[in-house]
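Secondary and tertiary structure notes
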Amino acid sequence: MTESKNYRSTQVFGDYLIMLIAPFALAFIYYGASAFYITAVSVATAVICDAAASAVLGKRFRLKNLDSIFTGAAIAMMMPAGIALYVPVIATAFAVLVAKAPFGGGINAPFVPAAAGFAFSCVCFREKIFDYSFVTDAKFLGSSSIASMLAKGNSVHLNSGNLIDILCGNSAGAMGTGCILIMLGCCAYLFVKRRKALLSTLGFVAVCAVFAFFFPRVNASGLTSVILELSSGSLMFAAVFFMTDQSTMPQSNLYGVLYGVIGGLICMLMRLSGAYEEPVCFAVLLANAFARLLEYIPKRKAAEPK
Amino acid sequence: MKIAYDLLLTALYAVFVQNMVMSFGLGSSEAIRASSKPGRFISLAAMISGFSVATSVICKLIDMFISSIGFSYAVRVAIYGGVLAGVYFVSAFFAIVLFKASKRTMGTLGISALNTLVLAVPFINNTASYSFADSIGSGIGSGIAFVLAAALINRGARRLAENKDIPAVFKGTPAMFIYVGILSLAFSGFADSTLFS
Amino acid sequence: MKEKSPSAKEVLIKGALIHNPILIQCAGLCPVVAAATSLKNAALLAAAVSLTTIFTCVFASALLKKIQRWIRMGIYLILGTAVIFPLIFLLESQSKSELSLVLKIFLPLIAVNSATAVHCEQFSVKNTVKLAFYDAVAVSIGSSAVLLICGAVREIIGYSSIAGHRLNIPTTFRSAALPFGCFIILGFLAAILKWISAYRYPNLVADSETIVRVKPKKDEIKDTVEVEVFDEFWNEEPEEAPLEIDEYDEIFDSLDNIFDFSGEEDEK
């Protein structure tokens, strides 16, 4: 890998890791030491797998690229707090060994490795990955997550009390992805650092919101549906951390927005089809592939008039 | 109206929810091989859909005609294979005699007929007990599903070719397989279980 | 068109290993990906693939050389069905219960296996019956090996058993039985095969390797490459310089690819 790519990798993933501090802190506050253990194990697995893959492939391992650390940490944030440790280990190993190493590192991967790892663990361990019964005492809705409630077609009447719970992520769910306020903070950081990337986040969230407004899965007002859909599962987390991934998102502004729009549309369709409680990672992977298709169409048109 | 709705629904199902190529691996080798020829995508979609629809409709008719006779499954296999061969020969003959088809078109016709996806459609219709409209829908869907998969693989291959950092052992087909694998994983987000497992 | 005849050993090594039909040529993927979920299924599919390939290739080499290509394609389909029909009939009469879905749907699909068609067109109709037979055997060995390895690996990690015997593996991966799991296994197998062939037969790999070719397009500023994935299996034509977009259509016809017309019909 060239020096400039190494430098860019450190910069991009360094920013993501700084952004991940807040979700991690929240996970630590809500779930205590187990949040720390899961994150540590996941990050350690990512680094070990990356080093091993580099050794086998005869490449120089650079921890400073930070991509493997980000992959491990992001997967950990999407896991429920009570998960058996081997699940994040396997998810991270898949992300690094299958979705990253064969393509020559995180900055070259055609799919977001962390999304691939989480999607893989969804397929393999679907009962464990959506089991949020670890710490439920102080939780809004007890052990049932907003995503599972939406999937069953149940709704809640929003008031100022439970709205704060929802916005702060104080409901059963993945460790570090539930708090919309923190995600907005991450967006602000990204706005300062790499504002172009936010275009796809914007497209993604806007489409999800519009879709939730016009096709609510629950018997409630459009606005309630929007708030519940956006705050459920890892939707915002994926929108901020995965849809902005530099190697997979298109370079031009228009395509960036369209990429987000496609991702959001696929995500909401997958939520409607209901194969998984939280299919956002599958949607990100499909959007990664469809984004390339998007670049193809106008080029063909531009070439033909001659 | 009901028929049109069924047809559309089955077609959409075959393209997105359980993309025949990505979720079942049907016709995947042809999709990977044809992916390098974007100029042929439209004709491929039309021909595969055409073959699938014609084969599944004829097979459906034969099924209805002889369903009362309890015959061996092997006979059904022979009939379906024979029907596809018949449809191929008739269309190839017309293409050459009436339309003076170019060699390229005949080549595309060959890929479309000798394709696991096309032959699978009547078997799927039979196993899933699809209605007449569903059979046509799944036939049309199969062509679109094939081309969607081929287009996605084409873009992936292009991206892999641009990537200079791929380790030497993964260059070419290994990286391509893993790319297709992750793409197939992404499609499984629409529907968890497949029809056949 | 004259061409030098390769030796039997070369044909076997090239067909089975260096140009493995599944791992390197991407042909005949459907049975592996969709149906080889256990060792037993894989063995059955391997037998069917081998029978179909050997029968069709030898038949094509012996009788179909003079026939036009489009007719040959249809004949391969009929020949495939002719081999599969008695096989299913036999299995049906042997088994007491109804056939499994794998047998009902995916075994018949071997009649249109692309590996068979690829080798018939690329090798059998251009070579003697003896060489065509060796090539078909090599293809059968290559396909069967991949089928059996994939079947065994998927059964072990997907169901924690091998050939029906239970193993004590603490965790199983449901995904191994799904098509995407197989694609990923195939990716790693292909990488291992590439490494082995480069290590063991460097001279054979160097002269004919499956490549992802990057071809310049006309509007170079906007878009510099077009990808061409194909196999240069027994390529008759010398390596050509990158072509312009005007020649884009001709490329399809000149490529050594099963689906393109070249050789005898081009000369007319």
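In this text, all values refer to a predicted model and were calculated from it rather than measured experimentally.

1. What to know about the overall build of chain A
Within chain A, the secondary structure is distributed over 14 helices and zero strands. Going from the N terminus to the C terminus, chain A shows its helices and strands as α-α-α-α-α-α-α-α-α-α-α-α-α-α. Counting over 306 residues, chain A shows a buried share of 61%. Residue pairs in contact within chain A that sit at least 24 positions apart in sequence constitute 77% of those at least 6 positions apart. When the accessible surface of chain A is summed, it comes to about 11400 Å², and 67% of that surface belongs to carbon and sulfur atoms.

2. A look at the overall build of chain B
Scanning chain B for helices and strands turns up nine helices and zero strands. Along the chain direction, N to C, the helices and strands of chain B fall in the order α-α-α-α-α-α-α-α-α. Buried residues in chain B amount to 67% of all 197 residues. Across chain B, contacts joining residues at least 24 apart in sequence account for 80% of those joining residues at least 6 apart. Accessible area of chain B: about 6300 Å², with a carbon and sulfur share of 75%.

3. Some remarks on the nonpolar core
Among the nonpolar cores identified, the biggest contains 222 residues, and F241(A), F242(A), L26(B) and L186(C) are the most heavily contacted of them. Among the elements that take part in this core, helix α14 (residues 280-303) of chain A stands out by supplying 13 residues, more than any other. Those residues in contact with F242(A) that lie beyond four places of it in its chain are F70(A), A74(A), M78(A), V112(A), A114(A), A115(A), F237(A), T248(A), Y259(A), C281(A) and V284(A). Among the nonpolar cores identified, the runner-up in size contains eight residues, and I146(A), V156(A), L158(A) and I166(A) belong to it.

4. Let's talk about the environment of T127(B)
Within the secondary structure, T127(B) sits in helix α7 (residues 116-127). Every residue in contact with T127(B), bar those within four places of it in the chain, is listed here: L101(C) and I105(C). Reaching out from T127(B), the side chain makes a polar contact with the backbone oxygen of F123(B) at a distance of 2.6 Å.

5. Some thoughts on the confidence of the model for chain B
Summary statistics for chain B give a mean pLDDT of 85 and a share of 96% for residues scoring 70 or more. Across chain B, the secondary-structure element scoring lowest on mean pLDDT is helix α1 (residues 2-17) of chain B, at 82, and the one scoring highest is helix α9 (residues 173-187) of chain B, at 92.

6. Here we look at the side chain of N6(A)
Among the secondary structure elements, N6(A) is positioned in helix α1 (residues 3-31). Within polar-contact distance, the side chain of N6(A) engages the side chain of N65(A) at 3.3 Å.

7. Remarks on the environment of T92(A)
Residue and element names in this part refer to chain A. Positionally, T92 belongs in helix α4 (residues 86-97). Residue class for T92 comes out buried when judged on its relative accessible area of 0%. Placed 24 residues apart in sequence, T92 and A116 show a C-alpha to C-alpha distance of 9.2 Å. Other than its neighbours up to four places away in sequence, T92 contacts S42, T45, A46, G72 and I75.

8. Overview of the interface of chain C and chain B
With 71 residues of chain C in contact, the opposing surface of chain B contributes 68 residues. Carbon and sulfur atoms supply 72% of the area that chain C and chain B bury against each other, a total of about 6000 Å² over both sides. Across the chain C-chain B interface, the total number found is zero salt bridges. In terms of residue count, helix α4 (residues 69-94) of chain C provides more of the side of chain C that touches chain B than any other element does, 14 residues in total. Looking at the side of chain C that touches chain B, its residues break down into 50 nonpolar, eight polar and 13 charged.

9. Remarks on the packing of aromatic side chains
By the definition in use, this model includes 29 aromatic pairs over all chains. Arranged with centres 6.3 Å apart and planes meeting at 25°, the rings of F70(A) and F241(A) form a pair that is stacked. With a gap of 171 residues between them, F70(A) in helix α3 (residues 67-78) and F241(A) in helix α12 (residues 235-241) connect regions that are remote in the sequence. An aromatic cluster is built from F13(A), Y16(A), F70(A), F237(A), F241(A) and F242(A), whose rings are joined through pairwise contacts. Here the guanidinium or amino end of R195(A) rests over the ring plane of F191(A), the centre of that ring lying 4.6 Å away. Here the guanidinium or amino end of R200(C) rests over the ring plane of Y201(C), the centre of that ring lying 5.1 Å away.

10. Some remarks on a nonpolar patch on the surface
On the surface, V90(B), F93(B), F94(B), V97(B), L98(B) and F99(B) cluster together to form a nonpolar patch covering roughly 620 Å² of accessible area. By the element assignment, F99(B) lies in the loop between α5 (73-97) and α6 (103-113).

11. Describing the side chain of N20(C)
All names here are of chain C. Structurally, N20 can be placed in the loop between α1 (8-18) and α2 (29-35). Polar contacts involving the side chain of N20 include one to the main-chain carbonyl oxygen of A16, which spans 3.1 Å. The residues touching N20, leaving out its near neighbours within four places in the chain, are K14, G15, Q25, G142, V146 and L193.

12. A closer look at helix α13 (residues 253-273) of chain A
Residues and elements named next belong to chain A. Over its 21 residues, α13 runs 30 Å from end to end, which matches the ideal 30 Å to within 8%, given 1.5 Å per residue. What α13 keeps buried is the set Y255, G256, Y259, G260, I262, G263, G264, I266, C267, M268, M270 and R271. Once α13 finishes, G274 follows within two positions and takes phi at roughly 75°, a positive value.

13. Details of the state of the cysteines
Tallied over the entire structure, the rule returns zero disulfides over all chains. The structure places no disulfide on C150(C), whose sulfur is separated from the nearest cysteine sulfur, that of C182(C), by 4.1 Å.

14. Observations concerning the confidence of the model for chain A
In this model, chain A carries a mean pLDDT of 87, and residues with pLDDT of at least 70 account for 93%. When the criterion is pLDDT under 50, residues 300-306 of chain A qualifies, and its contacts beyond four places in sequence or with other chains add up to two contacts.

15. Things to note about the pattern of salt bridges
Inspection of the entire model under this criterion finds twelve salt bridges over all chains. The closest approach of N and O atoms between R292(A) and E162(B), which form a salt bridge, is 3.5 Å. In this pair, R292(A) is assigned in helix α14 and E162(B) in helix α8 (residues 132-162), connecting two distinct chains. For R292(A), a relative accessible area of 12% corresponds to the buried category. Looking at E162(B), the relative accessible area reads 36%, which means it is partly exposed. Residue R158(B) pairs with E162(B) through a salt bridge whose shortest N-O separation is 3.7 Å. Of this pair, R158(B) and E162(B) are both found in helix α8, four residues apart, which corresponds to roughly one turn of the helix.

Reading the values: the criteria
- Residues numbered from 1 in each chain as written.
- Chains lettered and ligands numbered in written order.
- Predicted model: local features only at pLDDT ≥ 70, side-chain atom pairs only at ≥ 80, totals over all residues.
- Heavy atoms only, no water.
- Helix = DSSP H or I, 4+ residues; strand = E, 2+ residues; numbered from the N terminus.
- Buried < 20%, exposed > 50% of the residue type's maximum accessible area, 1.4 Å probe, protein only.
- Contact = heavy atoms within 4.5 Å.
- Areas by Shrake-Rupley, 256 points an atom, 1.4 Å probe, with all protein chains shown as cover.
- Core = buried A, V, L, I, M, F, W, Y, C linked by side-chain atoms within 4.5 Å.
- Polar contact = N/O pair within 3.5 Å; in protein donor to acceptor, adjacent residues only side chain to side chain.
- pLDDT = per-residue confidence, 0-100.
- Buried area = accessible area lost by both parts, 1.4 Å probe.
- Salt bridge = Lys/Arg side-chain N within 4 Å of Asp/Glu carboxyl O.
- Nonpolar A, V, L, I, M, F, W, Y, C, P; charged D, E, K, R; others polar.
- Phe/Tyr/Trp six-rings, centres within 6.5 Å; stacked < 30°, edge-to-face > 60°.
- Lys NZ or Arg CZ within 6 Å of the ring centre and 35° of its normal.
- Patch = residues over 30% accessible without salt bridge, like charges linked within 9 Å, V, L, I, M, F, W, Y side chains within 5 Å.
- Expected span 1.5 Å × (residues − 1).
- Disulfide = S-S within 2.5 Å.

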